[in-house]
Amino acid sequence: MRVALFITCFNDTLFPETGRATVRILERLGHEVEFPLEQTCCGQMHFNTGYQREAIPLVRRFVEIFSPYDAVVAPSGSCVGMVRELYPLAAELAGDARLAADIEALAPKVFELSEFLVKKLGVTDVGAYYPHRVTYHATCHSLRMLEVGEAPLELLKNVRGIDLVELPEARECCGFGGTFAVKNADTSMAMLGDKIRHVLDTRAEICTAGDNSCLLHIGGGLHRQRAGVETVHLAQILATTEEDTNP
Amino acid sequence: MKVKTPDAFSKGKTPRFEESAKTALADTQLRRNLGKATKTIREKRKVVVEEMPDWEALREAGRSLKERTLRHLDEYLEQLEESVTRAGGHVHWARDADEANRIITSIVKSHEAEEIVKVKSIATDETKLNEHLEREGIHAFETDLAELIIQLAGETSSHILVPAIHKNRAEIRELFVRELGAEGLSDNPPDLANAARLYLRKKFLSAKVGVSGANFAAADTGTVCVVESEGNGRMCTTLPPVLVTLMGIEKVIPSWRDFEVFMQLLPRSSTAERMNPYTSFWTGVSESGDGPREFHLVLMDNGRTDVLADEIGRQTLNCIRCSACLNVCPVYERVGGHAYNSVYPGPIGAILTPQLVGIGKPGPDSLPYASSLCGACYEVCPVKINIPQVLIHLRGKVVRKKQDTGGLKSKLDPENVAMQAVAKVFSDPERFEQAQKLARIGQWPLARNGSIHRLPGRLAGWTETRDLRAVPEQSFREWWKTNRGTN
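Each chain has its residues counted from 1, following the order in which its sequence is written. Whichever chain is written first becomes A and whichever ligand is written first becomes 1, with later ones labelled in order. Local features in this predicted model are restricted to residues whose pLDDT is 70 or higher, and side-chain atom pairs enter the listing and the counts only when it is 80 or higher, whereas totals over whole chains, interfaces and linings include all residues. As a rule here, side-chain values come from all non-hydrogen atoms in the structure, and water together with hydrogens is ignored.

Comments concerning the domain arrangement of chain B
Argument step 1. All the domain ranges listed were derived from an automatic or database domain assignment. Taken domain by domain, chain B holds domain 1 (17-305) and domain 2 (418-484).
Argument step 2. A C-alpha centroid distance of 52 Å is found between domain 1 of chain B and domain 2 of chain B.

Structure (structure tokens):
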């Protein structure tokens, strides 16, 4: 199986450690990972903000670059959601039936990391060790667009040493929403305020999720408050083993 | 909060959502009232939906029934006209709000009525019927308890189903004491309801004309349906000798049998009840002399055929006005209905309003952006309207309209300039890598210990309450090239 890593522009630039962790997990499970260097961005920010004509060339690039692989894995539910749910709309807007057909063939091969591990590979124990009190925020797109369900929690439950605590109202949005966080900053902050309150209620030291965009938001609020809670991507927890507690 | 500003359906400009939201978010009483009310109804809904083994099949049935209706809307509407006429009713066609108001006013005037009683109806809020009648010397009495509350308060509705959701019982008590002269009234809900009942009972008995909206109308039998909780609707539709119903054309359903599906979906989704207390059905006028002797059905377009013409947007017309999407929406829960400046608030309002009034107006154009796209609305929608998808589709229409008709000003808009520049960066991996390096260098005046505390310009909204992680020393692709070769 030829597995390609779709790092996402956001992780590539801001969270390289999440990418390294994803590579580590997949290699530890015996997969050879390829990273096509031509990749840039899936076009989600443009598409969701309304700059959809501008997103079409990015959609074409993505389809061209990733179509040859058997599986494409990304440590982001949101960007995978873009490909699976919204690329067909982009093709429709472009009026390009060929592109639509290519998307139809590619979309089912694009996976968010936790669903790739649990649903595609059937692995729920990746041999991780993480001796911390952790709470899990279910990101909206992984939950409701991709329907990853319990996959991230199944993986976390099998991490040795972890003290996993349930996050109250875990299914509620943190208020990030891409450009929403800037365009509707007041509403976004009001949502974040409640999310942070729930995170603090768990007394966890780490808040994790499958998407760094949500974590950038939650973490940004926690950091501003000097709350003493860190945000760490799910991949980094799963990559950590007893040999090294610092991925 | 006193709200009687123009909305998307009245003449005049409306504020953008984010401006109105700022004010609403600062209203602590509103936040508490809404947080409590939406949480209660969310939890109740969950119970009555989860007990249904075939809920998903019902949703699918509701969606496909609505979509079939919309595909053949012209035929079903003509069939409905025939059925209602055969049963002794009169059918009128209204292209827009003005025409609907004129038709209703002339019916009321032909009976020399100066007062009418009304069943809760958003369609008449959309047309501003009450204001129109008032100008013609006719006073409309709202008889739904919540509608009465906001009418007495001089406010507008803030929820599709619970128009006074923004008010608590202490506020309502004060209002009744002031407006109804109900001295010594307690804030006990039954006492409040009784005060309203005493006030309204006389109106029901004396009004010559009742005006209602419609939840559904079956094309095959001509049966119109109003679903309600209080019984005021039953009285409005049976006591006055003349009944006028204003209905958006998308409310028609193919047949009487289809109520089987919708009557299971609607009460559970809206009031979180297995069955609502009052469901009134009427077919024209009765021969026995029971109920109204004259029935008029006004079928209104008012932008709906434009919505129908949009292949992605048309699913919005599936809506059965249950308001489940409002109750689960994290945005609505915090800002309330008035921030949407429309008779249709919440997620459904954010897609329905701009489509009905047309793209290109600053206030309504801001509504598709009033969402984090979390998808909670789509998950609960009983007729499976993919609200996030339509929101995104409408954002595209808003931007394209600006770009195509806004001239130089829209080209120089900072957001447009930034988006074009970023799109160019993403079009080429080398350019992208250069931009990553530039960001790392460019952030130095802002970044301290790996964190940015203040951003300039339009991005400042982020750092008002949030720090931002600074761009780290090495990008992933740089690491890959160093450690894994170029692949």
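Next, the rest of the story.
With respect to the interface of chain A and chain B
Argument step 1. On the chain B side, the residues contacting the 69 residues of chain A number 71 residues.
Argument step 2. Once two parts are put together, the accessible area they lose, assessed with a 1.4 Å probe and summed over both, is termed the buried area. Across the interface of chain A and chain B, roughly 6,100 Å² is buried in total on both sides, 58% from carbon and sulfur atoms.
Argument step 3. It is Leu 37, Tyr 51 and Arg 224 of chain A that lose the most area in chain A upon contact with chain B, and together they represent 11% of the buried surface on that side.
Argument step 4. The term salt bridge refers to a side-chain nitrogen of Lys or Arg lying within 4 Å of a carboxyl oxygen of Asp or Glu. If you look at where chain A meets chain B, you find 13 salt bridges.
Argument step 5. When the shortest N-O distance is used, the salt bridge between Glu 415 of chain B and Lys 183 of chain A registers 2.7 Å.
Argument step 6. Class assignment of the residues belonging to the side of chain A that touches chain B gives a composition of 31 nonpolar, 19 polar and 19 charged. Contacts are residue-level and defined by heavy atoms, with any inter-residue pair within 4.5 Å sufficient. Any residue outside Ala, Val, Leu, Ile, Met, Phe, Trp, Tyr, Cys, Pro, Asp, Glu, Lys and Arg is labelled polar, Gly included; the first ten of those are nonpolar and the last four are charged.

Points about empty space enclosed by the protein
Residue and element names in this part refer to chain B.
Argument step 1. A cavity here means a set of 1 Å grid points, computed over protein atoms only, where a 1.4 Å probe fits but cannot escape. A pocket is an open set with protein on both sides within 12 Å along at least 5 of 7 lines, and lining residues have an atom within 4 Å of a point. Grid points are joined across faces, edges and corners, and a volume is the space filled by probe spheres set on the points. The tally for this structure, following the rule as stated, stands at five cavities of 30 Å³ or more.
Argument step 2. Considering only enclosed or pocket space, the largest cavity measures out at about 120 Å³ in volume.
Argument step 3. Taken together, 18 residues make up the lining of the largest cavity; nearest its centre are Cys 329, Pro 347, Ser 371, Cys 377 and Leu 391.
Argument step 4. Every helix listed is a DSSP run of H or I at least four residues long, and every strand listed is a run of E at least two residues long, numbered separately from the N terminus. At the level of secondary structure, the elements contributing two or more residues to the lining of the largest cavity comprise α15 (330-335), α16 (346-357), α18 (376-380) and α19 (387-405).
Argument step 5. Lining of the second largest cavity is provided by 13 residues; of these, Cys 319, Cys 322, Cys 325, Cys 381 and Pro 382 occupy positions nearest its centre.
Argument step 6. A per-class count over the lining of the second largest cavity returns 11 nonpolar, one polar and one charged.

A short note on the pattern of salt bridges
Argument step 1. Per the stated rule, a full pass over the model turns up 44 salt bridges over all chains.
Argument step 2. A salt bridge links Arg 160 of chain A to Asp 125 of chain A; the nearest nitrogen and oxygen atoms lie 3.4 Å apart. Linking Arg 160 of chain A in the loop between α9 (151-157) and β6 (163-165) with Asp 125 of chain A in the loop between α7 (113-120) and β5 (133-136), this pair joins segments that are 35 residues apart in sequence.
Argument step 3. Of the charged contacts, one joins Glu 433 of chain B and Lys 481 of chain B as a salt bridge, the two residues approaching to 2.8 Å between their closest N and O atoms. Of the two residues, Glu 433 of chain B is situated in helix α22 (residues 429-442) and Lys 481 of chain B in helix α24 (residues 476-484); the sequence distance between them amounts to 48 residues.
Argument step 4. Exposure is judged per residue with a 1.4 Å probe applied to protein chains only, and the accessible area is read against the type maximum: over 50% gives exposed, under 20% gives buried, and values in between give partly exposed. For Glu 433 of chain B, a relative accessible area of 13% translates into the label buried.
Argument step 5. For Lys 481 of chain B, a relative accessible area of 33% corresponds to the partly exposed category.
Argument step 6. Where salt bridges share partners, they join Glu 126, Glu 250, Lys 251, Arg 304 and Arg 321 of chain B into one cluster.

Side note on the packing of aromatic side chains
Argument step 1. By convention, a stacked pair of Phe, Tyr or Trp rings (six-membered ring in the case of Trp) has centres within 6.5 Å and planes under 30 degrees apart, an edge-to-face pair has planes over 60 apart, and any other such pair is tilted. Counting across every chain of the model gives 24 aromatic pairs over all chains.
Argument step 2. Taking the centre distance of 4.8 Å and the plane angle of 75° together, the rings of Phe 6 of chain A and Phe 62 of chain A count as edge-to-face. Of this pair, Phe 6 of chain A sits in the loop between β1 (3-5) and α1 (9-14) while Phe 62 of chain A sits in helix α4 (residues 52-66), placing them 56 residues apart in sequence.
Argument step 3. Ring geometry for Phe 216 of chain B versus Phe 259 of chain B: centroids 5.8 Å apart, planes at 90°, classification edge-to-face. Linking Phe 216 of chain B in strand β5 (residues 216-218) with Phe 259 of chain B in helix α12 (residues 259-270), this pair joins segments that are 43 residues apart in sequence.
Argument step 4. Residue Phe 216 of chain B is classed as buried on the basis of its relative accessible area of 0%.
Argument step 5. Clustering of aromatic rings is evident, with ring pairs tying together Phe 6, Phe 62, Phe 66, Tyr 69 and Tyr 87 of chain A.
Argument step 6. A cation sits over an aromatic face here: Lys 66 of chain B above Phe 262 of chain B, 5.9 Å from the ring centre. Charge-over-ring placement is defined geometrically: NZ (Lys) or CZ (Arg) within 6 Å of the ring centre, and within 35 degrees of the ring normal.

Some thoughts on helix α6 (residues 97-106) of chain A
Residue and element names in this part refer to chain A.
Argument step 1. Among the residues of α6, those classed as buried are Leu 99, Ile 103 and Leu 106. Seen along its axis, α6 keeps its buried residues to an arc of 65°; they face one direction. For α6, exposure combined with an orientation more than 90 degrees from the buried face picks out Ala 97, Arg 98, Glu 104 and Ala 105.
Argument step 2. The elements touched by buried residues of α6 are α4, β3 (71-74), α5 (77-94) and β4 (110-112). It is the directions from the helix axis to the C-beta atoms whose arc is reported.

Section: unusual backbone geometry
For residues besides glycine, phi is generally negative; the peptide bonds are generally trans as well.
Residue and element names in this part refer to chain A.
Argument step 1. Of note, Glu 147 is a non-glycine position whose phi angle comes to about 55°, a positive value.
Argument step 2. Judged by relative accessible area, which is 54%, Glu 147 ranks as exposed.
Argument step 3. In this structure, Arg 203 is a non-glycine residue whose phi angle is positive, near 60°.
Argument step 4. The residue Arg 203 is located in the loop between α11 (185-201) and β7 (206-209) in this model.

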